[in-house]
Amino acid sequence: MNKQILSQCFRRFADEECKGSSELYEFLSLQIASDEQLLELSTHVREGQPKPNMLFGAVHHLLLQGFDHELKYYYPSVTNTPRNKKNAFPLFKDFCLAYKKEIIGILRNKLVQTNEVRRCAYLYPTFCYAYNQVNKPLAMIEIGTSAGLQLMWDHYSYSYGTDQLYGDTSSNVHITSEVKGELPIEITNSTPPVSYKMGIDLNITDLTNDEEYRWLKSLIWPEHKERLKLFDDAVELFKTQPSNLIEGDGVLLLEEIAKEIPTDHAICIFHTHVANQIPKEVKLDLLNKIKSLGKEREVIHVYNNIWDKSLHLDYWINGKETKLIVGDTDGHGHWFRWKL
């Protein structure tokens with residue numbers, strides 16, 4: 001990737017991802033976009049991986065490990081009294097050059113595998129809606145599961161701007177989110193029955209491994225202390241009742257896994273913020289395989305980032321296909337707009 005395209009990548013990241021969410025990353029991204037040395041450093045990111053997320057994750061990872069540098073005083077995740085972001089860039093660049101070898105090692109070997117637990121806030125009503133259509137227990141298959149925290153959606157509690165609790169109201173993991181517009185009537189007090197769970201990823205993250213656990217924390221943006229706590233709470237719950245996770249290509253394994261699931265269960269395939277890393281021909285293969293399954297049995301497909309950022313719900317009942325746009329969502333699940 002040439003420097004001009006890389007520069008645009010960081011500017012787009014600042015404008016579309018960071019604005020209103022991370023002042024530190026927004027500011028640094030715009031500075032990096034004009035810095036030859038840091039753009040060159042970003043070229044070490046593996047093909048298909050988002051360059052800004054990887055660079056920021058690598059730096060954050062080293063700071064969370066305790067690398068001693070004045071840059072740490074600008075990170076709310078490391079210090080309780082962060083300094084003004086406007087003075088951060090020279091130190092950010094100095095840190096990157098001082099620990100260039102370590103950063104390159106991370107960029108070449110790690111993957112962006114965010115387990116954004118709050119996305120379950122919009123998945124929950126979507127799965128409620130889908131269950132009401134198929135009226136069969138849901139057999140969950142998550143593609144790009146990483147550590148499997150979103151597979152635990154039925155073990156979390158939810159609230160949407162009121163005191164009303166949904167989901168597993170006894171859960172220690174409580175997720176809040178803002179609904180822009182009308183609250184979905186599909187949100188039910190009782191969680192849809194889940195009969196089966198399988199998470200598939202090219203690189204499963206082992207939450208019992210300190211290094212892998214820290215890497216996932218590094219991908220959470222420094223200002224987002226609530227996200228960090230939610231992540232830790234979900235990790236603790238996962239350790240008490242882990243889901244079945246396997247390493248492999250979810251598109252290649254899908255049909256084989258589907259054969260294991262009895263026909264009196266509806267197969268529910270889902271993935272969030274993963275498809276943007278999947279090549280176009282593989283996306284088409286995935287959609288064709290799901291459609292073929294839908295001709296034979298009840299199938300649900302919940303996804304975004306295949307062709308656009310909207311959350312989609314496709315489902316098949318008695319071979320009939322229905323395609324819906326659920327709504328718009330914030331990438332970190334802070335809000336969603338329900339359109340069904």
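This text follows the structure it describes.
Residues numbered from 1 in each chain as written. Predicted model: local features only at pLDDT ≥ 70, side-chain atom pairs only at ≥ 80, totals over all residues. Heavy atoms only, no water.

Undergrad: How would you explain the overall build of the chain if you had to name every residue and give the values?
TA: Looking only at helices and strands, the chain has eleven helices and twelve strands in total. Relative to the compact-globule value of 20 Å for 340 residues, the chain shows a C-alpha radius of gyration of 20 Å, a close match. Based on the C-alpha atoms only, the size of the chain along its principal axes is roughly 60 × 45 × 35 Å. When burial is assessed residue by residue, the chain has 54% of its 340 residues classed as buried. Looking at the chain alone, contacts between residues at least 24 apart form 70% of all its contacts between residues at least 6 apart. (Helix = DSSP H or I, 4+ residues; strand = E, 2+ residues; numbered from the N terminus. Rg over C-alpha atoms; globule rule 2.2 N^0.38 Å. Buried < 20%, exposed > 50% of the residue type's maximum accessible area, 1.4 Å probe, protein only. Contact = heavy atoms within 4.5 Å.)

Undergrad: Any details on the sheet that holds strand β4 (residues 174-176)? Residues and values, ideally.
TA: On the basis of which strands lie adjacent, the open sheet formed by three strands has the order β3-β2-β4 and mixed pairing. In the strand order of this sheet, the two ends are held by β3 (166-167) and β4, each with one partner. Bridge count between strand β2 (residues 157-159) and β4: three bridges; the pairing is parallel. By the bridge assignment for β4, Ser-157 is matched with His-174. Contacting β2, β3 and β4, helix α7 (residues 120-134) runs over the sheet at an angle of about 95 degrees to β2. (Pairing = 2+ DSSP bridges. Axes fitted to C-alpha atoms, helices over the stretch in contact; angles between N-to-C directions.)

Undergrad: Can you explain the packing of aromatic side chains? Please cite residues and give values.
TA: The tally for this structure, following the rule as stated, stands at 16 aromatic pairs. Judged by centre distance (6.0 Å) and plane angle (25 degrees), the ring pair of Phe-13 and Phe-56 falls under stacked. With a gap of 43 residues between them, Phe-13 in helix α1 (residues 3-18) and Phe-56 in helix α4 (residues 51-64) connect regions that are remote in the sequence. Residues Phe-13 and Phe-56 agree in their burial class; the two are buried. Summarising the aromatic geometry, the rings of Phe-127 and Phe-270 are spaced 5.3 Å apart at their centres and angled 75 degrees between planes, so their arrangement reads as edge-to-face. Of this pair, Phe-127 sits in helix α7 while Phe-270 sits in strand β8 (residues 266-271), placing them 143 residues apart in sequence. Grouping aromatic residues by their ring pairs yields a cluster made of Phe-13, Tyr-25, Phe-56, Phe-92 and Trp-221. (Phe/Tyr/Trp six-rings, centres within 6.5 Å; stacked < 30°, edge-to-face > 60°.)

Undergrad: Now, about the side chain of Gln-113: what can you tell me, with residues and values included?
TA: With respect to the helices, strands and loops of the structure, Gln-113 is situated in the loop between α6 (100-109) and α7. Owing to a relative accessible area of 8%, Gln-113 belongs among the buried residues under this scheme. A distance of 2.6 Å separates the side chain of Gln-113 from the backbone oxygen of Asn-203, its partner in a polar contact. If sequence neighbours within four positions are ignored, Gln-113 has contacts with Ser-146, Asp-201, Asn-203, Thr-205, Leu-216 and Leu-219. (Polar contact = N/O pair within 3.5 Å; in protein donor to acceptor, adjacent residues only side chain to side chain.)

Undergrad: Outline the sheet that holds strand β9 (residues 299-303), supporting the account with residue identities and numerical values.
TA: Ordered by their spatial adjacency, nine strands build an open sheet running β5-β12-β11-β10-β9-β8-β1-β6-β7, and the pairing between neighbours is mixed. Lying at the two open borders of the sheet, with one neighbouring strand each, are β5 (178-179) and β7 (245-247). Of the pairings in the sheet, the one linking strand β6 (residues 194-201) to β7 comprises three bridges and is parallel in character. Paired with Ile-200 across the two strands is Ile-246, which belongs to β7. Across the sheet, helix α11 (residues 280-294) is in contact with β1 (138-143), β8, β9, β10 (311-317) and β11 (320-329); its angle to β9 comes to roughly 155 degrees.

Undergrad: Quick one: what's the story with the pairing of strand β12 (residues 335-338), residue by residue and with numbers?
TA: Side chains Phe-336 and Trp-338 of β12 all project onto a buried face; the interleaved residues Trp-335 and Arg-337 project onto a face where none is buried. As judged from the two bridges shared by β5 and β12, these two strands associate in the parallel manner. Note on β12: the bridge partner recorded for Val-179 is Phe-336. As paired strands, β11 and β12 are joined by three bridges and run antiparallel to one another. Paired with Gly-327 across the bridge in β12 is Trp-338.

Undergrad: Give me the lowdown on the pairing of β1, citing residues and values where you can.
TA: Most of β1 sits inside the fold, with six of its six residues counted as buried. In β1, alternate side chains face the same way, and those of Leu-138, Met-140 and Glu-142 on one face and Ala-139, Ile-141 and Ile-143 on the other are all buried.

Undergrad: Break down the pattern of salt bridges for me, with residues and values.
TA: Here the structure, examined in full by the defined rule, presents 24 salt bridges. The partner of Lys-3 in a salt bridge is Glu-36, with the nearest N and O atoms 3.4 Å apart. You can see Lys-3 sitting in helix α1 and its partner Glu-36 sitting in helix α3 (residues 36-42), a full 33 residues away along the chain. Salt-bridge contacts for Lys-309 lead to Glu-17; the nearest nitrogen and oxygen are separated by 3.7 Å. (Salt bridge = Lys/Arg side-chain N within 4 Å of Asp/Glu carboxyl O.)

Undergrad: Outline unusual backbone geometry, listing residues and values.
TA: Although it is not a glycine, Asn-135 sits at a positive phi angle of roughly 50 degrees. Within the secondary structure, Asn-135 is located in the loop between α7 and β1. With relative accessibility at 55%, the residue Asn-135 sits in the exposed group. A positive phi angle, close to 55 degrees, is found at His-273, a residue other than glycine. Inspection of the secondary structure assignment puts His-273 in the loop between β8 and α11.

Undergrad: Describe the side chain of Asn-304, and please don't skip the residues or the numbers.
TA: Locating Asn-304 in the fold gives a position in the loop between β9 and β10. Every residue in contact with Asn-304, bar those within four places of it in the chain, is listed here: Tyr-122, His-271, Thr-272, His-273, Ala-275, Lys-309, Ser-310 and Leu-311.

Honestly, that's just the spatial picture; any functional story needs more than this.
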